[in-house]
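Working through the structure, step by step
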Amino acid sequence: MKTPALPPAAPPPERNFFADVHAVTRLVPPGRVTSYGAIAHYLGAARGARTVGYALMAANLDAATLRREEAVPAHRVVNRLGQLTGRGHFPTPTAMQERLEAEGVQVADDAVVDFEKLFWNPATELP
DNA sequence: CCCTTGACGGGCT
DNA sequence: GAGCCCGCCAAGG
């Protein structure tokens, strides 16, 4: 029968997209910020910016596994406008801003000041 | 299996 | 220059 020969093992490339996002995020140096789209583009999923954010959220949830949420400095990742759109997912609404300020990053009106100057592009900074 | 939501981005109006 | 709409990837109901 034409059993739908299920592919014995056509496991889609387990592109641990999440782990990959976490890794890139960890490479973001303190005092610098990057954007979801930049990470997504660096990973090949130029249009997967949203997925990047999802991965970061999962990262915080997996913080226990990572030992510490600081392992993934998600506060250094903002949207393309430099806005702290993910602040609502931190323990406190101001945690993200405070962490950035603790690194010398000025935040005004929920947005990174001199975002373009502090912007850290993985595709450019990383080999 | 289909529909909706979500830490986004880019294009058009 | 700001606002609106559509598109992408993944997960949950």
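Use the structure listed above.
Rules of the game
Note on numbering: residues in each chain are counted from 1, in written sequence order. Each chain takes a letter, starting from A, and each ligand takes a number, starting from 1, following the order in which they are written. The model is predicted, so local features are restricted to residues of pLDDT at least 70 and side-chain atom pairs to those at 80 or more, both for listing and for counting; the totals for chains, interfaces and linings are taken over all residues. Remark: hydrogens and water are excluded; side-chain values derive from all non-hydrogen atoms of the structure. Runs of E in the DSSP output that reach at least two residues are strands. Runs of H or I that reach at least four are helices, and both are numbered from the N terminus. Two residues qualify as a contact provided that any one of their heavy atoms is within 4.5 Å of a heavy atom in the partner residue. By convention in these notes, a residue is near a molecule or strand provided one of its non-hydrogen atoms lies within 4 Å of it. Polar contact is the term for a pair of N or O atoms within 3.5 Å; when the atoms are in protein, one must be able to donate a hydrogen and the other to accept it, and sequence-neighboring residues count only if both atoms are side-chain atoms. Residues were grouped as follows: Ala, Val, Leu, Ile, Met, Phe, Trp, Tyr, Cys and Pro as nonpolar; Asp, Glu, Lys and Arg as charged; and all remaining residues, including Gly, as polar. Relative accessible area decides the class of each residue, using a 1.4 Å probe on protein chains only: under 20% of the type maximum gives buried, over 50% gives exposed, and in between gives partly exposed. Aromatic contacts are taken between Phe, Tyr and Trp rings whose centres are within 6.5 Å, Trp giving its six-membered ring; a plane angle under 30 degrees counts as stacked, one over 60 as edge-to-face, and the others as tilted. Buried Ala, Val, Leu, Ile, Met, Phe, Trp, Tyr and Cys residues that are joined via side-chain atoms within 4.5 Å together make up what is termed a nonpolar core. This arc corresponds to the set of directions leading from the helix axis out to the C-beta atoms.

Before going further, it helps to examine the environment of Arg26. Relative to the elements of secondary structure, Arg26 occurs in helix 1 (residues 17–27). Excluding residues that lie within four positions of it along the chain, Arg26 makes contacts with Ala19, Ala71, Val72 and Pro73.

A separate point is the protein's contact with DNA strand C. Residues in contact with DNA strand C, as listed here, are Arg47, Arg50, Thr51 and Tyr54. The sugar and phosphate moieties of DNA strand C supply 56% of its atoms located within 4 Å of the protein. Within the side chain of Arg50, one N or O atom sits 2.4 Å away from a base nitrogen of DNA strand C. For the surface near DNA strand C, the class distribution of residues is one nonpolar, one polar and two charged.

This brings us to unusual backbone geometry. The backbone of Asp109 shows a phi angle near 60 degrees, a positive value even though the residue is not glycine. Secondary-structure assignment places Asp109 in the loop between strand 3 (107–108) and strand 4 (111–112). Taking the relative accessible area as the measure of exposure, Asp109 reaches 74% and is therefore exposed. A positive phi angle is found at Asp114, which is not glycine, with a value near 55 degrees. Tracing the chain through its elements places Asp114 in the loop between strand 4 and helix 6 (115–118). For Asp114, a relative accessible area of 43% gives the class partly exposed.

If you trace the backbone, Thr25 turns up in helix 1. A residue is classified by how much of its surface remains accessible, and Thr25, at 0% relative accessible area, is buried. The contact partners of Thr25, leaving out residues within four places of it in the chain, are Ile39, Leu56, Val72, Pro73, Ala74 and Val77.

With that settled, the discussion passes to the packing of aromatic side chains. Applying the stated criterion across every chain yields a total of two aromatic pairs. When the ring of Phe18 is compared with that of Tyr54, the centres are 6.5 Å apart and the planes differ by 65 degrees; the resulting orientation is edge-to-face. Here Phe18, found in helix 1, pairs with Tyr54, found in helix 3 (residues 49–61); they are 36 residues apart in sequence, far enough to count as distant. With a relative accessible area of 33%, Phe18 lands in the partly exposed category. Aromatic side chains Phe115 and Phe119 sit 5.5 Å apart centroid to centroid with 65 degrees between the ring planes, which places their arrangement in the edge-to-face category.

Next up on the list: the nonpolar core. Counting 25 residues, the largest nonpolar core has Val21, Ile39, Val52, Leu56, Leu84, Leu100 and Val112 as its most contacted members. Take this core: its biggest share by element is four residues, from helix 3. Once residues lying within four places of it in the same chain are set aside, the contact partners of Leu84 are Val78, Met96, Gln97, Leu100, Val107, Asp110, Ala111 and Val112.

In this section: helix 5 (residues 95–102). Those residues of helix 5 not exposed but buried are Ala95, Met96 and Leu100. Take helix 5 and look down its axis: the buried residues cluster within an arc of 135 degrees, on one side only. Across helix 5 from its buried face, at more than 90 degrees, point the exposed residues Glu98 and Ala102. On its buried side, helix 5 packs onto strand 2 (77–78), strand 3 and strand 4.

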